[in-house]
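Residue-level structural notes
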Amino acid sequence: MRSPKDFFAPLAVGAPDPVREIPALPSRMIHFFDPSNAKMAAKVPDLAKKVDVLLGNLEDAVRADRKEAARQGLVEIAKATDFGSTQLWTRINSLDSPWVLDDLITLVTEIGDKLDVIMVPKVEGAQDIHYVDRLLAQLEARAGLRRPLLVHAILETASGVANVEEIAGASPRMQGISLGPADLAASRRMKTTRVGGGHPGYLVRTDPVGEDLHEGRTTYQQDLWHYTVARMVDACAMHGILPYYGPFGDIRDVVACEDQFRNAFLLGCVGTWTLHPVQVDIAKRVFSPEPKDVAWARKVIAAMGDGTGAVMIDGKMQDDASVKQCRVVAELADKLAERDPELKQAYDEATKEALA
Ligand SMILES: CC(C)(COP(=O)(O)OP(=O)(O)OC[C@H]1O[C@@H](n2cnc3c(N)ncnc32)[C@H](O)[C@@H]1OP(=O)(O)O)[C@@H](O)C(=O)NCCC(=O)NCCSC(=O)C[C@](C)(O)C(=O)O
Ligand SMILES: [Mg+2]
C-alpha cells in the first residue's frame, strides 16, 4: 500500500494528477452494448440521449473471435459519436486474458479523452487495482491526457468480496464497484444458475402450527445478494466511491428486475446495469427518488432550520440524523433534476404541494 503522503501523486512522469473526489454524476443505469454487434452499435446515438452511462463491453458476452472487432468498434463509435453529458465507459477483458493489454493500450491511446471510466472484471484484491493504476498512468502520460481515467471494479470472486474494503481504497482512481452475481455465484460454488435475482429455494418458513409440518406454513423468499450488496455499499461509502447493482439476466421478467433494482437502491446503490433496452426505463424509475419522497425530504430540511434539535412533522419525530437522511434524498434529486427537466418539474410540483 502507498504511504498516505503519496496517495495522490501521479504514478508516472507526465500523467495527470489523480482526482481527490469522485464526481457524483448521475449513473442510474450503466447500459451495456457489444461494440462488435452492428444492430446494437446502431442504437448507440439514440441510447446516448436516454441513458446516464453507455458501456462498450469487451469482456464476457463478446465471443472470443469478436474481441478485436469489439475493441475496434468501440474506438470507432467513440470517435464518431457526440455523447453530450452521457458518460462513456468500457469493460475491459480480465487481467489474466490474452486481450487486456491491447484493450488498455488501444483504448487509452485512441479514445482516452472520450472515456470516463474503465471497468475491471474479476478483481481479486488491491493488487489488481495497483497493476491497472500504474499502467493507466503510463498510458495517460504517453497519450498526453489531461484528465485521469477512473476505475470501476466488479465484485465477482469470493476473494474480491473478502477484500472489498481494500479494493475500494486501493487508488484515487476508484470510482465505484458493481456486483457480478454470475461469476460470484460460480466462484463461491453457489447453486444458482441465474444471472442475479432471487431463487425460490432460498427462503425462510413460519413455525409449524400443529402436528402437521406441512400445513399452514408460509414461506418467504430471501435475497441471495443482500449480504454482498450491503458489504459492498459499506466499503464504497467508507472510501467515498459509488456502489452499483449489476446485471439482471431474466430480461423477460421486468417485475422481479424492478424489485431487485429497488432493493439495491434502498440499500444505498446509486445505479445498476441495463443489458437490454427494456431495462432502461426500469432503472430510471427505480434509481430516481419518487417525487413524494423528495417533497418530504425538502419539507423536513426546510423545517429543521440549522439542522439541530427535534421537531414533529406530520406526527413523525425529526432530528439531526433524520435531516441527514433527507439531505441524501434531496441532494440526489437536485443532481438528477439538473440532467432531467421532466424529473425537475415532478419534484418541484410535489414540493410545492407538500409545503402549501
Ligand atoms: C440479452 C440479449 C442477448 C438479447 O438480445 P436479443 O437481440 O435476443 O433481444 P431482442 O429483444 O430481440 O432485441 C431487440 C432489439 O434490441 C437490440 N438490443 C438488444 N440488447 C441491446 C443492448 N444491450 N443495447 C442496444 N441494443 C440492444 C437488439 O439488437 C434488437 O435490435 P433490432 O430491433 O434492430 O433487431 C442482448 O440484449 C445482449 O446481448 N445484451 C447485453 C448482454 C451483456 O452485455 N452481457 C454482459 C453483462 S452481464 C455479465 O457479464 C455478468 C457478470 C456481471 O460479469 C457476472 O455476474 O459475472
Ligand atoms: Mg462476470
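Residues numbered from 1 in each chain as written. Chains lettered and ligands numbered in written order. Predicted model: local features only at pLDDT ≥ 70, side-chain atom pairs only at ≥ 80, totals over all residues. Heavy atoms only, no water.

**A closer look at the coordination of the magnesium ion (ligand 2)**
For the magnesium ion (ligand 2), the full set of protein donor atoms is E156 (OE) and D183 (OD), and the range of their distances to it is 2.0 to 2.2 Å. Residue E156 is located in the loop between β5 (150-155) and α5 (158-162), and its partner D183 is located in helix α7 (residues 181-188); the two are separated by 27 residues in the primary sequence. Given the relative accessible area of 4%, E156 is considered buried. Given the relative accessible area of 26%, D183 is considered partly exposed. (Donors = N, O, S within 2.8 Å, 3.2 Å for Na, K, Ca; no water. Helix = DSSP H or I, 4+ residues; strand = E, 2+ residues; numbered from the N terminus. Buried < 20%, exposed > 50% of the residue type's maximum accessible area, 1.4 Å probe, protein only.)

**Details of the nonpolar core**
The biggest cluster of nonpolar side chains holds 80 residues, and the ones touching the most others in it are I30, L54, I177 and F261. The leading source of residues in this core is helix α4 (residues 126-143), at six residues. Aside from chain neighbours lying at most four places away, what touches L54 is H31, F33, V44, L47, A48, F83, T86, Q87, L88 and W89. Among the nonpolar cores identified, the runner-up in size contains seven residues, and V300, I313, V323 and C326 belong to it. (Core = buried A, V, L, I, M, F, W, Y, C linked by side-chain atoms within 4.5 Å. Contact = heavy atoms within 4.5 Å.)

**Quick word on the domain arrangement of the chain**
Examined at the domain level, the chain breaks down into domain 1 (4-287) and domain 2 (291-355). In this structure, domain 1 and domain 2 have C-alpha centres spaced 30 Å apart. Of the roughly 620 Å² buried where domain 1 meets domain 2, counting both sides, 51% is carbon and sulfur surface. A per-residue breakdown of the area domain 1 buries against domain 2 is headed by A24, P26 and R28, which together make up 56% of the total. The interface formed by domain 1 and domain 2 holds three salt bridges in total. Close ionic contact of D52 with R339 constitutes a salt bridge, the shortest N to O distance being 2.7 Å. (Domains from an automatic or database assignment. Buried area = accessible area lost by both parts, 1.4 Å probe. Salt bridge = Lys/Arg side-chain N within 4 Å of Asp/Glu carboxyl O.)

**Regarding the sheet that holds strand β9 (residues 242-244)**
Taken together, the eight strands give an open sheet; going across it, the order is β9-β6-β5-β4-β3-β2-β1-β10, and neighbouring strands pair in parallel fashion. Each edge of the open sheet is held by one strand with a lone partner, namely β9 and β10 (272-274). For this sheet the average axis-to-axis angle between neighbouring strands, irrespective of direction, equals 25°. By the bridge criterion, four bridges tie strand β1 (residues 29-33) to strand β2 (residues 53-57) in an arrangement that is parallel. Each residue of the ladder has a partner; that of F33, found in β2, is G56. (Pairing = 2+ DSSP bridges. Axes fitted to C-alpha atoms, helices over the stretch in contact; angles between N-to-C directions.)

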